Structures are given as structure tokens and as C-alpha cells.
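These are the residues of each chain, in order.
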Amino acid sequence: RIVPIKNLENLIEAFNILALDIKDLQLNIIGDYNTEYGNNIYTSKLSGSISFLGELSQCEVFEHLKKTDYLVLPSFSENFSYSALESCLFDCNLIVSKQTPWTSLAPGYVSGSFDPYSVNDIYKALHECSIAKERTIAPLELKKFVANEFVKNLNKEISKCLMR
């Protein structure tokens, strides 16, 4: 979902500054941007190094994550994020807003964190991670947890379908 609480405006602003400092970076945004808010961001904030990929199937998301170095969660508020779980399956470095639970849930796995209200703080976290060039490998225990969460979610979805 591309909605205001996801904080894409600050992320894009920080990334545009970062792209001036470090060449060959690409920010890909996944989600349906065919809303008034999404279209406003799409038309006003894009630079050549930012792409909106639109809404993707789960398989397409996984294919994309295989090639992704960093997953950024810039949200002003996030209860839980399946994209963060998915990132660990593919050993993507995770950079998160301090308003998400991820800095405390998986402290050894999070590569960087930032104040989502500060474009400068987002820039600093992105910059530090992009120059480190180290890939964080998710611990096996975290991958097992992710797999169990996916199974629970899949069982819920199957149950809903069977109840119809």
C-alpha cells in the first residue's frame, strides 16, 4: 500500500540526496500507486534512480527480493511488516524507521535505523548502509520464525477460502 503513513515522501527526498553522493543506486518502490496520494508522489518526486514497480504478485516480490541489497521500512507507524520478514528470507539488509518494532525484535539483523520524521536521519542511515556494502545474513532462528509465520498466515487464508 502506498499511503501517507508509509512515509515515502521523506524516504524519496533522502534518497534523492543520497543519489547525488553515491552513483549507481536504485530505489524501487513496490505497491499500488494508483491513488490520489500515490499519483502525487509518483508525478512530483521521481528522479532517474527511483522506480515505482506497482503492485506485484507474491512470486514477483520474491524474485525482486533475490536481487535486492536493502529493504527500507520508512513508516511513521508499523505494527508488524511481512516485508521485513520476507527480507530476511533473502538476506536483504533491513533499514527501518525507529517507529517499527524491528529494532527490538531483531537487533542483530537490522542494518540501520532512523527517525522517520527527519529526512537527514533517513539519509544518514541509508548512506552508512550503502557504503558498508556488507550483506547481513539473517540468523537461522529468524528464518525459522518467518517460515512459521508464513505457514500461520497461509492457514488463515486457506480457512477463509474454505468458509465461503
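Scroll up a little and you will see the structure.
Keep in mind the model is a prediction, meaning the values are calculated, not measured.

Conventions adopted
- Residues numbered from 1 in each chain as written.
- Predicted model: local features only at pLDDT ≥ 70, side-chain atom pairs only at ≥ 80, totals over all residues.
- Heavy atoms only, no water.
- Helix = DSSP H or I, 4+ residues; strand = E, 2+ residues; numbered from the N terminus.
- Contact = heavy atoms within 4.5 Å.
- Areas by Shrake-Rupley, 256 points an atom, 1.4 Å probe, with all protein chains shown as cover.
- Phe/Tyr/Trp six-rings, centres within 6.5 Å; stacked < 30°, edge-to-face > 60°.
- Buried < 20%, exposed > 50% of the residue type's maximum accessible area, 1.4 Å probe, protein only.
- Pairing = 2+ DSSP bridges.
- Axes fitted to C-alpha atoms, helices over the stretch in contact; angles between N-to-C directions.
- Salt bridge = Lys/Arg side-chain N within 4 Å of Asp/Glu carboxyl O.
- Expected span 1.5 Å × (residues − 1).
- Arc of directions from axis to C-beta.

Student: Mind showing me how you'd approach the overall build of the chain here?
Tutor: Counting its regular elements, the chain contains seven helices and five strands. Listed by position from the N terminus, the elements making up the chain come as α-β-α-β-α-β-α-β-α-β-α-α. Considering only contacts within the chain whose residues lie at least 6 apart along the sequence, 59% involve residues at least 24 apart. A total of about 9,400 Å² of accessible surface is found on the chain, and carbon and sulfur atoms cover 53% of it.

Student: Got a minute to help me understand the packing of aromatic side chains in this structure?
Tutor: The description of two aromatic rings rests on the distance between their centres and on the angle between their planes. A full pass over the atoms with the stated rule returns three aromatic pairs. Look at Tyr33 and Phe52: their rings are 5.2 Å apart centre to centre, the planes differ by 65 degrees, and that puts the pair in the edge-to-face class. Highlighted residues: Tyr33 in the loop between strand S1 (27–30) and helix H2 (36–45) and Phe52 in strand S2 (residues 50–54), separated in sequence by 19 residues. Measuring from centroid to centroid gives 5.4 Å for Phe62 and Phe90, while their planes differ by 45 degrees, and the two rings are tilted. Within this pair, whereas Phe62 is found in helix H3 (residues 58–66), its partner Phe90 is found in the loop between helix H4 (82–89) and strand S4 (93–97), the two being separated by 28 residues in sequence. Taking the relative accessible area as the measure of exposure, Phe62 reaches 23% and is therefore partly exposed.

Student: Is there a simple way to think about the sheet that holds strand S5 (residues 110–114) in this case?
Tutor: The sheet built from three strands is open, its strands ordered S3-S4-S5 with parallel pairing. At either end of the open sheet lies a strand with only one pairing partner, and these are strand S3 (70–73) and S5. Across this sheet, the average inter-strand angle for adjacent strands is 15 degrees, counted without regard to direction. Note: S4 against S5, four bridges, orientation parallel.

Student: How do you make sense of the pattern of salt bridges when you look at a structure like this?
Tutor: Side chains that carry opposite charge are capable of pairing whenever their charged atoms lie near each other. Counting across every chain of the model gives two salt bridges. With its nearest N and O atoms 2.8 Å apart, the salt bridge here joins Lys66 to Glu63. Of this pair, Lys66 and Glu63 both sit in helix H3, three residues apart, which is roughly one turn of the helix. Exposure remark for Glu63: the relative accessible area of 43% places this residue in the partly exposed category.

Student: Can you help me understand helix H6 (residues 119–132) in this one?
Tutor: Helical geometry note: an α-helix holds 3.6 residues per turn, so side chains three or four residues apart project in the same direction. Taking 1.5 Å as the rise per residue, H6 with 14 residues should run 20 Å; its terminal C-alpha atoms sit 20 Å apart, in good agreement. For H6, every residue scored as buried is listed here: Val119, Ile122, Tyr123, Ala125, Leu126, Cys129 and Ser130. End-on, the buried residues of H6 take up no more than an arc of 165 degrees, which puts them together on one face. Residues of H6 that are exposed and point over 90 degrees away from its buried face: Glu128 and Ile131. The inward-facing, buried residues of H6 abut helix H1 (8–21), S3, S4 and S5.

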